[in-house]
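Chain by chain, the residues run as shown.
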There are 2 protein chains.
Amino acid sequence: MRRVKLTVAYDGTAYAGWQTQPNGPTIQSVMEQALGRILHEPIRLRAAGRTDAGVHAREQVVDFADSGKRDLEAVVRGGNAFLPEDIRILSAQEVPPEFDARRHAREKEYRYFLLLSGIAFPFLSRYAWHIESPIDLGAVREALLFLVGEHDFTSFQGQGCAAQTPVRTIFHAGVTLYDASGLPGLREPGLCSIDVTGSGFLRHMVRSIVGTVIDAGRGRCRPEAIARILEKRSRSEAGVTAPACGLFLWKVNY
Amino acid sequence: MRRVKLTVAYDGTAYAGWQTQPNGPTIQSVMEQALGRILHEPIRLRAAGRTDAGVHAREQVVDFADSGKRDLEAVVRGGNAFLPEDIRILSAQEVPPEFDARRHAREKEYRYFLLLSGIAFPFLSRYAWHIESPIDLGAVREALLFLVGEHDFTSFQGQGCAAQTPVRTIFHAGVTLYDASGLPGLREPGLCSIDVTGSGFLRHMVRSIVGTVIDAGRGRCRPEAIARILEKRSRSEAGVTAPACGLFLWKVNY
C-alpha cells in the first residue's frame, strides 16, 4: 500500500461540508468518487479539518491509501478532470504509511474574511461577511489577544461538537488588511481577515470567536470581556456564530 | 423630471446579459423592477455598454429619468435592498437632463482576466479564463499594439451585431499582471488581464480580440498577423471568441 497526501482547495458554497452525510453532497463524498474513478479502487479520505457546510478551503490536507498503480501526477490531473470546478487538487505527495492528515497536523490556520464597506461587492458575496457599520479594528485586535494561549473554549463551542476536551491552544490571532485594488469590483481598502492559528479547533469555534470579537469592534463589549467569557464556560456568554461563507481553512502545518 | 446616473457592479454569471429579452433574467430587467419598487414609478434604464450573457461589470454606468420624489441616497440604499446580491448600485448622481450614458461615453475600458496556471482555482472559475498551456505574454502585448488606432474591426465582429459601422478607435491595449498573493486560493503570480480601452466596441469584439492575441501568445501565429487579420475584414481570419466569464466592463469615462 502507498499513502498519499493531497493539498486541496475548494469553494464550499455548494456543499454540506467536508464529511460524508445524508444531507446533500459533501466535499469528501465527491472527492472519494472522483479518485475512485481515476484509481479504479475504493478510496477513503481523511482530512486535516472537517469544514462545515459553506466553509471554504485554500489548503485543506487529506490523505488516503491505495495500491499505487498510477503515478501521482496522474492522480492530480485525472482527479481534477473528474472533479467539479469548485474542488481542485493542488498537489499530491507520497508520505510514510503512518501519516495521518488530522492527527499529525501540528497547527491549523483559519482566516475569516470581512468586507467592511457601506456597499457589498457582488464578487465577494460568496467569500466574505459583509459588515456595513463601522468597526474598530484596534478593538478587534485587542480582543483577539485574550484568546492566545491554552484555554478551555467551552464558551466558543458549537452544539453537537464531538471533541473529548474543550481545551485548545491558540498560537496566533490577528487581523490582516488586504490591498484589494487589483480585485474586480473592489477598490476601497475594505477587505480584511481575522486569522487564528491553533493546535486544533472545536466545532464552530472560529466562527463564534469572530462573532464575539466583532462585538468588541462595534463597541458592544470591551476587548477585556473575552477573558470573562472564556472563564464562564458557557456558549451563551459569547457572541453570534459568524456566517459560514467568510471562513477559509487557510493552511495546515505538519 | 430628474435624470440620474448610477454606477453599477454586477456578477453576470446568472444573467442573459444586460438587455431585456425573453431568454431568462437580464441585469436591465432585474434593475428596472427593483428601482420601480423603490421609486413607485416605471423606470427605463440606458446603459453605457450592453454586456453579453455571463459578462461582468465592475463599473457599468446607467441612467434613467424619474420624478425626483426620493433622494439619491434612498435610491442607492433602497435599490440595493431590492436587488439580488450579484447586482450592486455603487453610487448615484444627478446629471443634466440631456445626459445619455451610452452616447456621451467618451471611452470604455474592458478587462479580460486570464488565469495562467497548471491548476485552476475554485475561487476564480466564474471570473477568469483558465489557460493551462504556457503563454508568451510578450507576444500578446506585441499583438495588442497592432489594434491601437482607428481600424475597421469587421474581423472581430460577432454575428448579429447591429452597429452602423465596423470602424472603432482603440486608445490603449495592454496587459496587467496582478499580485494575487492576498487572494483566497491563489498564491502563484498567474493572474493577469488583457485591457482594452476604446471609443466603443462591436459585439463580441473584446472576446475575439482576446482569442486572437492568445493565439499569438501560444505561438500559433505571429503578432504581426493581427495587421493582416484586420485588413481581410472577415471574422473567419481571427481566433476564437474567448469565454464570457473572463470579461469585465471595467470603467466608463465621460
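Procedures and definitions
- Residues numbered from 1 in each chain as written.
- Chains lettered and ligands numbered in written order.
- Predicted model: local features only at pLDDT ≥ 70, side-chain atom pairs only at ≥ 80, totals over all residues.
- Heavy atoms only, no water.
- Core = buried A, V, L, I, M, F, W, Y, C linked by side-chain atoms within 4.5 Å.
- Buried < 20%, exposed > 50% of the residue type's maximum accessible area, 1.4 Å probe, protein only.
- Contact = heavy atoms within 4.5 Å.
- Least-squares fit on C-alpha atoms with pLDDT ≥ 70 in both.
- Helix = DSSP H or I, 4+ residues; strand = E, 2+ residues; numbered from the N terminus.
- Buried area = accessible area lost by both parts, 1.4 Å probe.
- Salt bridge = Lys/Arg side-chain N within 4 Å of Asp/Glu carboxyl O.
- Nonpolar A, V, L, I, M, F, W, Y, C, P; charged D, E, K, R; others polar.
- Phe/Tyr/Trp six-rings, centres within 6.5 Å; stacked < 30°, edge-to-face > 60°.
- Disulfide = S-S within 2.5 Å.
- Axes fitted to C-alpha atoms, helices over the stretch in contact; angles between N-to-C directions.
- Parallel < 35°, antiparallel > 145°, perpendicular 65-115°, else oblique.
- Left-handed = near helix turned anticlockwise from the far one by under 90°.
- pLDDT = per-residue confidence, 0-100.
- Arc of directions from axis to C-beta.
- Polar contact = N/O pair within 3.5 Å; in protein donor to acceptor, adjacent residues only side chain to side chain.

**Q** I'd like a description of the nonpolar core, backed by residues and values.
**A** Counting residues in each nonpolar core, the largest one holds 85 residues, and the members touching the most others are B:Leu6, B:Met31, B:Leu35 and B:Ile194. Not counting residues within four places of it along the chain, the set of residues in contact with B:Leu35 comprises B:Leu6, B:Ile43, B:Leu45, B:Phe64, B:Val75 and B:Ile89. One finds A:Ala57, A:Phe123, A:Ile131 and B:Phe113 within the second-largest nonpolar core, a separate group that totals 83 residues.

**Q** So what's going on with the relation of the copies chain A and chain B? Residues and values would help.
**A** By a simple turn and slide, chain A fits onto chain B: the slide is 0.0 Å along the axis, the RMSD is 0.0 Å, and the turn is 180 degrees. Taken together, these values place the two copies in the relation of a two-fold axis.

**Q** Give me unusual backbone geometry: which residues, what numbers.
**A** Not every positive phi belongs to a glycine, and A:Arg233 is a case in point at roughly 50 degrees. Examined against the element boundaries, A:Arg233 turns out to sit in the loop between α5 (225-232) and β10 (247-253).

**Q** Tell me about the interface of chain A and chain B, residues and numbers included.
**A** Accessible area lost upon the coming together of the parts is a frequently used measure of interface size. Taken together, the contact between chain A and chain B spans 34 residues of the former and 34 residues of the latter. Taking both sides of the interface into account, the surface hidden between chain A and chain B amounts to around 2,600 Å²; carbon and sulfur atoms contribute 67%. Inspection of the region where chain A meets chain B yields two salt bridges. B:Glu132 serves as the salt-bridge partner of A:Arg77, at 3.3 Å between the closest nitrogen and oxygen. Going through the elements one at a time, β1 (2-10), β3 (56-66), α2 (72-82), β4 (87-95) and β10 of chain A are the ones with two or more residues in the side of chain A that touches chain B. For the side of chain A that touches chain B, the residue count by class is 19 nonpolar, five polar and 10 charged.

**Q** Any details on the environment of A:Arg102? Residues and values, ideally.
**A** Residue and element names in this part refer to chain A. Locating Arg-102 in the fold gives a position in the loop between β4 and β5 (107-116). Considered as a pair, Arg-102 and Pro-122 are 20 residues apart in the sequence and their alpha carbons are 35 Å apart. For Arg-102, the contacting residues outside a window of four places in its chain are Ala-47, Ala-48 and Arg-50.

**Q** Pulling in residues and values, what's your account of the packing of aromatic side chains?
**A** Enumeration over the complete set of coordinates arrives at 20 aromatic pairs over all chains. Taken together, a centroid distance of 5.7 Å and an interplanar angle of 40 degrees make the contact between A:Phe113 and A:Trp250 tilted. Here the residue A:Phe113 occupies a position in strand β5, and A:Trp250 occupies one in strand β10, the gap between them amounting to 137 residues. For the pair A:Phe113 and A:Trp250, one class covers both residues: buried. Considering the side-chain rings of B:Phe248 and B:Trp250, the 6.2 Å spacing of their centres and the 80 degrees angle between planes classify their relative orientation as edge-to-face.

**Q** Provide a residue-level description of the state of the cysteines, including the pertinent values.
**A** Enumeration according to the criterion identifies zero disulfides over all chains in this entry. Free of any disulfide, B:Cys245 has its nearest neighbouring cysteine sulfur in B:Cys192, separated by 14 Å.

**Q** I'd like a rundown of the pattern of salt bridges, residues and numbers included.
**A** Summed over the entire model, instances satisfying the criterion amount to 34 salt bridges over all chains. The residue A:Asp52 makes a salt bridge to A:Arg203 at a minimum N-O spacing of 4.0 Å. Remark: A:Arg203 occurs in the loop between β9 (191-198) and α4 (205-217) and A:Asp52 occurs in the loop between β2 (46-47) and β3; sequence separation between them is 151 residues. Note on A:Arg203: relative accessible area 36%, which makes it partly exposed. Among the salt bridges present, the one from B:Arg58 reaches B:Glu59, with a minimum N-O distance of 3.6 Å. On the accessibility criterion, B:Arg58 (9% relative accessible area) is buried. Judged by its relative accessible area of 8%, B:Glu59 falls in the buried class.

**Q** Break down the packing of helix α3 (residues 137-145) of chain B against helix α4 (residues 205-217) of chain B for me, with residues and values.
**A** Residue and element names in this part refer to chain B. The interhelical angle for the contact between α3 and α4, taken along N-to-C directions, is 130 degrees, at an axis separation of 7 Å. Taken together, the axis directions place α3 and α4 in an arrangement best described as oblique. Read as a crossing pair, α3 and α4 show a hand that is right-handed. Of α4, the residues touching α3 (which contributes Ala-139, Val-140, Ala-143 and Leu-144) are Ile-209, Val-213, Ala-216 and Gly-217. For the contact of α3 with α4, the class distribution of residues is seven nonpolar, one polar and no charged.

**Q** Account for the confidence of the model for chain A, with residues named and values stated.
**A** Overall, the predicted model of chain A reaches an average pLDDT of 93, with 96% of residues at or above 70. Both confidence scores are given for the complex: pTM 0.85, ipTM 0.74.

**Q** Can you explain the packing of helix α1 (residues 27-39) of chain A against α2(A)? Please cite residues and give values.
**A** For any two helices packed against each other, the geometry is given by the interaxial angle and the distance between the axes. All names here are of chain A. At a minimum axis distance of 9 Å, the contact between α1 and α2 shows a crossing angle of 125 degrees. Between α1 and α2, the crossing angle belongs to the class labelled oblique. When the axes of α1 and α2 are compared, the crossing they make is right-handed. Residue-level inspection shows Ala-34, Leu-35, Arg-37, Ile-38 and Leu-39 of α1 in contact with α2, the latter providing Ala-74, Val-75, Gly-78, Gly-79 and Phe-82. Of the residues belonging to the contact of α1 with α2, the class tally is seven nonpolar, two polar and one charged.

**Q** I'd love a proper account of helix α5 (residues 225-232) of chain B, names of residues and values included.
**A** All names here are of chain B. Among the residues making up α5, those that are buried are Ala-225, Ile-226, Ile-229 and Leu-230. Buried residues along α5 cover an arc of 140 degrees about the axis, so they all sit on one side. In this structure, the buried residues of α5 make contact with α3, β7 (149-152) and α4. Positioned one or two residues after α5, Arg-233 has a phi angle of 50 degrees, which is positive.

**Q** Please provide a residue-by-residue account of the environment of B:Arg88, values included.
**A** Locating B:Arg88 in the fold gives a position in strand β4 (residues 87-95). Using a relative accessible area of 10% as the deciding quantity, one classes B:Arg88 as buried. Measuring from C-alpha to C-alpha, the distance between B:Arg88 and B:Asp11 comes to 9.2 Å, with 77 residues separating the pair along the chain. Residues contacting B:Arg88, with those up to four places away along its chain left out, are A:Ile119, A:Ala120, A:Phe121, A:Pro122, B:Thr7, B:Val8, B:Ala9, B:Asn80 and B:Leu83. Within polar-contact distance, the side chain of B:Arg88 engages the backbone oxygen of B:Leu83 at 3.0 Å.

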